[in-house]
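Residue-level structural notes
Chain by chain, the residues:
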Amino acid sequence: SRVSLKKKDTEILYREELFQKLSMNVDDVFLMLDAKTYKTDYVSPNVEKLLGITVEQIRKDICVLWRMHPQKSEDPKKNYLEKIQVDEQKEWDFECVHQKTGKQRWFHNIAMGSEVNGKKKYILVMSDRTSDKKMNQALYEAVHAAENANKAKSTFLSNMSHDIRTPMNAIIGFTTLAVSNIDNKKKVRDYLGKILSSSNHLLSLINDILDISRLESGRTKFVSEPCDLVELCQSTLTTAQFARPSNLNYVFDSDLDECIMNVDMQRIQQVLINLLSNAGKFTEAGSITLSLHKDDSNKEVRIMVSDTGVGIPEDKRAKVFERFEKLNEYSQGTGLGLSICKLIVEHFNGRIWVDQDYKEGARFIFTIPYEVNNTN
């Protein structure tokens, strides 16, 4: 009898040691509770590692588990163990906040009803599924990003097909008319002028497509060289004025005699031309002002293009820098100009935005830090 008892005690010790070691090296918390009093009969020692609470805290008050729900959780006080009968099983997911790290964690719980020495007990197994949850979230985001990329590609091709087809149709149509009226010099000259205009428009579309593709893929090379931004702004404003003859008054405003910075002059000029071209396109009367000022508090140069045109509707202001976004469906161009501007300015670690407080028309502002990042 003594040998038999000793053997049983040894088996119990072995089981306890085995269970102790296993519970410390798995992502599952094991608990046994009395079904009437909810007093804890057993808590696995890994509870502190997985939940951030001690065995003593759970033994003192099992409700500490319920209070681990984040505030946004629905019905955090719900008792999932209630009404589970002997040999029955119930499963549910449990979201909580680790009490030491403050990080969000997810568990899958399995509760079983059991009977020990004539007393009803609940056995609760809490399996940490945080890694699975994060992996599934990452997979979902990757799939979502891929779907958005496919939609963007489809939108890009759809818009490009439409925008390219318009000048192509004009070129084909006027070429056909020119051939049909080859002996009428006046008509042929008129058709050739329209073909030239449509060809320039088509070239502009293709250049925009190539530009945004290179910028987004990082294949655009930026050349850093000393540049006087005052002189660059003045010459670009003059170019914009002669490119679109009108009664508009073009004004340059700056309190600086010169502003030498190491930038890619061609890319800064591209941003200016895009902004001035848009201003001229939507302004029939009044003025267009190009301003250049230093902001010493933020250590940056601030450039503004203001006009007295039709302005930008409030529902469009947040979208103007998105690809293919136009003021209206009748606007000329690809809707890529401002997207290109944004990519260029951001390459210089700058910012570009629409002035929400400007009411006389539209005002675009962009900044270039004194210390410009001009890596390729």
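Here the structure is shown first, and the text comes after it.
Within any chain, residue numbers begin from 1 and follow the written order of that chain's sequence. Where totals are concerned, whole chains, interfaces and linings use all residues; where local detail is concerned, this predicted model gives features only for residues with pLDDT of at least 70, and gives and counts side-chain atom pairs only at 80 or more. Side-chain measures here rest on the full set of heavy atoms in the structure, leaving out hydrogens and waters.

Regarding the nonpolar core
- Put simply, buried Ala, Val, Leu, Ile, Met, Phe, Trp, Tyr and Cys residues joined by side-chain atoms within 4.5 Å make one nonpolar core. Only protein chains enter the accessibility calculation, which uses a 1.4 Å probe; a residue whose area is less than 20% of its type maximum is buried, one above 50% is exposed, and one in between is partly exposed. With 46 residues, the main nonpolar core has Leu229 and Phe366 as its most contacted residues.
- The next biggest cluster of nonpolar side chains, apart from the first, holds 27 residues, and it includes Ile53, Val55, Tyr80 and Leu124.

Quick word on the sheet that holds strand β2 (residues 40-43)
- Pairing between two strands requires that DSSP report at least two bridges joining them. Helix numbers and strand numbers start at the N terminus; a helix is a DSSP run of H or I with at least 4 residues, a strand a run of E with at least 2. Taken together, five strands build an open sheet; the order of strands is β2-β1-β5-β4-β3 and the sheet is antiparallel. Both edges of this open sheet fall to β2 and β3 (89-97), since each of them pairs with a single strand only. Taken pair by pair, the neighbouring strands of this sheet meet at an average axis angle of 20 degrees, ignoring direction.
- Sheet topology note: the β3/strand β4 (residues 104-116) ladder contains nine bridges and is antiparallel. For helices, the axis comes from a line fit to the C-alpha atoms of the stretch in contact; other axes are also lines fit to C-alpha atoms, and the angle between any two N-to-C directions lies between 0 and 180 degrees.

Notes on the packing of aromatic side chains
- Think of it this way: a Phe, Tyr or Trp ring, Trp meaning its six-membered ring, pairs with another when their centres are within 6.5 Å, and the plane angle makes it stacked under 30 degrees, edge-to-face over 60, tilted otherwise. Throughout the structure, instances matching the rule amount to four aromatic pairs.
- Centroid distance Phe222 to Phe348: 5.7 Å. Interplanar angle 85 degrees. Geometry classified as edge-to-face. With a gap of 126 residues between them, Phe222 in the loop between α5 (185-217) and β6 (225-228) and Phe348 in the loop between α9 (337-347) and β11 (352-354) connect regions that are remote in the sequence. For the pair shown, Phe222 and Phe348 are each scored as buried.
- Aromatic pair Phe321 and Phe364: ring centres 6.1 Å apart, planes at 90 degrees, arrangement edge-to-face.

Regarding the sheet that holds strand β12 (residues 362-369)
- The strand order across the open sheet formed by five strands is β7-β9-β10-β12-β11, and the pairing between neighbours is mixed. The outermost strands of the open sheet, each flanked by one partner alone, are β7 (249-254) and β11. On average, adjacent strands in this sheet sit at an angle of 15 degrees to one another, irrespective of strand direction.
- As paired elements, strand β10 (residues 300-307) and β12 share eight bridges and run antiparallel to each other. By the bridge assignment for β12, Val305 is matched with Phe364.
- Contact between two residues is taken to exist if any of their heavy atoms lie within 4.5 Å; hydrogens are not considered. In this fold helix α6 (residues 229-243) packs onto β7, β9 (287-295) and β10, with an angle of close to 175 degrees to the strand it touches most, β7.

A few points about the environment of Gln99
- Examined against the element boundaries, Gln99 turns out to sit in the loop between β3 and β4.
- By relative accessible area, Gln99 is classed as partly exposed at 43%.
- Those residues within four positions of Gln99 in sequence are excluded, and the remaining contacts are Leu51, Gly52, Ile53 and Met68.
- Polar contacts, as counted here, are pairs of nitrogen or oxygen atoms within 3.5 Å of one another; within protein the pair requires one atom able to donate a hydrogen and one able to accept it, and residues that are adjacent in sequence qualify only if both atoms are side-chain atoms. Here Val97 takes part through its backbone oxygen, which lies 2.6 Å from a polar atom of the side chain of Gln99.

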